[in-house]
Amino acid sequence: MAEDTLNREFRYPLADAIPEAELAQQVKDLARAKRRGFVRGLPTYLRLGGPGFIGAAATLGAGTMTSAMLAGAQFGYKTLWIYWVAVGSGMFMMAAMARFTCQGGFTLIDTQARLHGWFIARVLTAIVGLATVCVVFNFGQVALGTHLIDSIAQIDGPGFRQGLNWPLYIVLTSWIALSYGRSRSGGTKLLENFMKWGIVAMIACFAACLFVVGIDWGAALKGTLIPWLPSGTMGIDLFIASSAAAIGVADWALFHYTGHAKGWRREHEGLARTDMVAGFFVPFFVVCFLVVSVFAATLYASGEVPTSAPELARALVPLLGEKGAQYAFMIGFLIVPVTSTIAMCIGSAIGIHEAFGWKPDVHSWRWKICLLLPQIGFLAAWYPSPVTLIIIIAAALSLTNNIVGWSLYMMLNDKKLLGESRSKSRLWNVGVMVQVTLLNCVAITYVFNRLGWWQS
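Each value, and the rule that gives it
Residues numbered from 1 in each chain as written. Predicted model: local features only at pLDDT ≥ 70, side-chain atom pairs only at ≥ 80, totals over all residues. Heavy atoms only, no water. Buried < 20%, exposed > 50% of the residue type's maximum accessible area, 1.4 Å probe, protein only. Helix = DSSP H or I, 4+ residues; strand = E, 2+ residues; numbered from the N terminus. Arc of directions from axis to C-beta. Contact = heavy atoms within 4.5 Å. Expected span 1.5 Å × (residues − 1). Patch = residues over 30% accessible without salt bridge, like charges linked within 9 Å, V, L, I, M, F, W, Y side chains within 5 Å. Areas by Shrake-Rupley, 256 points an atom, 1.4 Å probe, with all protein chains shown as cover. Salt bridge = Lys/Arg side-chain N within 4 Å of Asp/Glu carboxyl O. pLDDT = per-residue confidence, 0-100. Disulfide = S-S within 2.5 Å. Core = buried A, V, L, I, M, F, W, Y, C linked by side-chain atoms within 4.5 Å.

## A short note on helix α2 (residues 38-48)
Where α2 is concerned, the buried positions are Gly41, Thr44, Tyr45 and Leu48. Taken around the axis of α2, the buried residues stretch over an arc of 100°, which confines them to a single face. In this structure, α2 carries Val39 and Pro43 as exposed residues pointing more than 90 degrees from its buried face. Check the buried side of α2 and you find it contacts α1 (20-36) and α14 (269-296).

Quick look at the structure:
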């Protein structure tokens, strides 16, 4: 469709709870913030944002934390550059999602199905790239979260075993996730604020730990700016783990649909771009920087390094000394899987509904069942992670990232679809192509490594 026929008043069903008057007031607030300049207007952007923080919470999960902890413990500050490169390359595609949401006035998967077929849209994007990823990868979040609840209880008490504490974890995350979309003044605001303050708490807790153990700023700056990887398969593994944990199809789709759920329109695109940077890029890099630095200052070069997140945490805690620092690290660490699980529940519900063309109704049993499906991860309280299934999903994601990525690239440059709002920037197009290619290579190599097919 040409630009003048784009539906400016498009309303995604989850945005129905937002009064039109509130959206009109947001547009006025954003115009005022723009006139005041970026620095003075930033509080307005942060207040009105949300999807970026939800995306950061989904991405800052057990996999990201494990790779950051291992990187700091094994290589010190040398690999800090990976995190801003991995998440930074994803901002080009996130900007495309903002364009589709705000300027396009359409939903991603329905439009993909119309332009590029049901298999790319319904199967690769909705089922494999979004819903299945959310269900399978939540096992790792629950395993880590229930372990940390037990570990926090052990600091001054007898503990609270995983086999007993999992209902607490599941009930808390389910309650917050089920509130999403119910009303702007109630449930959705509760979830968005929980994500925002959860990320703030992560940063505060990890920063407090770093203050206690200290940091070598020279080495940290060098590691942030100068690329370095260990030789052989170890370096490949590290880059794969860090990059694969950053941004992919699930993050693209989740940012698009949660933007629609906020009722974003043309005037909100500046907000969307600020949100993806201030709500996604900055928290992701800052949290990874702090975690890598804490482990670089403590476990680096200390001999044998544990290989799992629970073992790494257990090895670190005594080195923090102060009991307050021990609590700070464990609480900050616990927030990571909690917020990730909540985001994965939302992604699961959206993905399944889009796959079958169902209208999302947060009050229906169908929505609730789809949303709670990732909570089958409660089994991880006994069986930490379905490793074989994760390898299969990673293999499927190799195909998904590539095909879906090129589909989105074509949509971004489609004049019939976006009119004059299509991408006219070579830098933007090249950035999207680089991310699609990088993600595909990462996924293929990840599978090869896990199956032992990659030779050093």
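## Quick look at helix α13 (residues 249-261)
End to end, α13 covers 18 Å across 13 residues, agreeing with the expected 18 Å (1.5 Å per residue, within 8%). For α13, the buried fraction is high: 13 of the 13 residues fall into the buried class. Phi turns positive, to about 75°, at Gly263, one or two residues after α13.

## Overview of a nonpolar patch on the surface
A grouping of Phe160, Leu164 and Leu168 is seen on the molecular surface, where their side chains present a nonpolar patch of about 280 Å² in accessible area. Following the sequence through the fold, Phe160 ends up in the loop between α8 (118-155) and α9 (162-178). Classification of Phe160 as partly exposed rests on a relative accessible area of 31%.

## Side note on the confidence of the model for the protein chain
Residues with a pLDDT of 70 or more make up 85% of the protein chain, whose mean pLDDT is 85. Per-element confidence in the protein chain is highest for helix α17 (residues 365-372), whose mean pLDDT is 96, and lowest for helix α12 (residues 232-244), whose mean pLDDT is 63. Note that residues 1-7 has pLDDT below 50 and, in this model, 18 contacts with residues that lie over four places away or in other chains.

## A closer look at the pattern of salt bridges
When charged atoms on two side chains of opposite charge get close, those side chains can pair. Applying the stated criterion across every chain yields a total of nine salt bridges. Between Arg99 and Glu269 there is a salt bridge, and its shortest N-O distance comes to 2.7 Å. Within this pair, whereas Arg99 is found in helix α6 (residues 91-104), its partner Glu269 is found in helix α14, the two being separated by 170 residues in sequence. Glu269 carries the same exposure label as Arg99, and that label is buried. In the salt-bridge network here, residues are joined through shared partners; they are Asp29, Arg32 and Arg47.

## What to know about the state of the cysteines
On inspection of all chains with the given rule, the structure shows zero disulfides. In this structure Cys205 is a free cysteine whose sulfur lies 7.1 Å from that of Cys209, the closest cysteine sulfur available.

## Concerning the nonpolar core
Counting residues in each nonpolar core, the largest one holds 134 residues, and the members touching the most others are Trp252, Phe295 and Phe329. Counting residues per element, this core draws most heavily on helix α16 (residues 323-356), at 18 residues.

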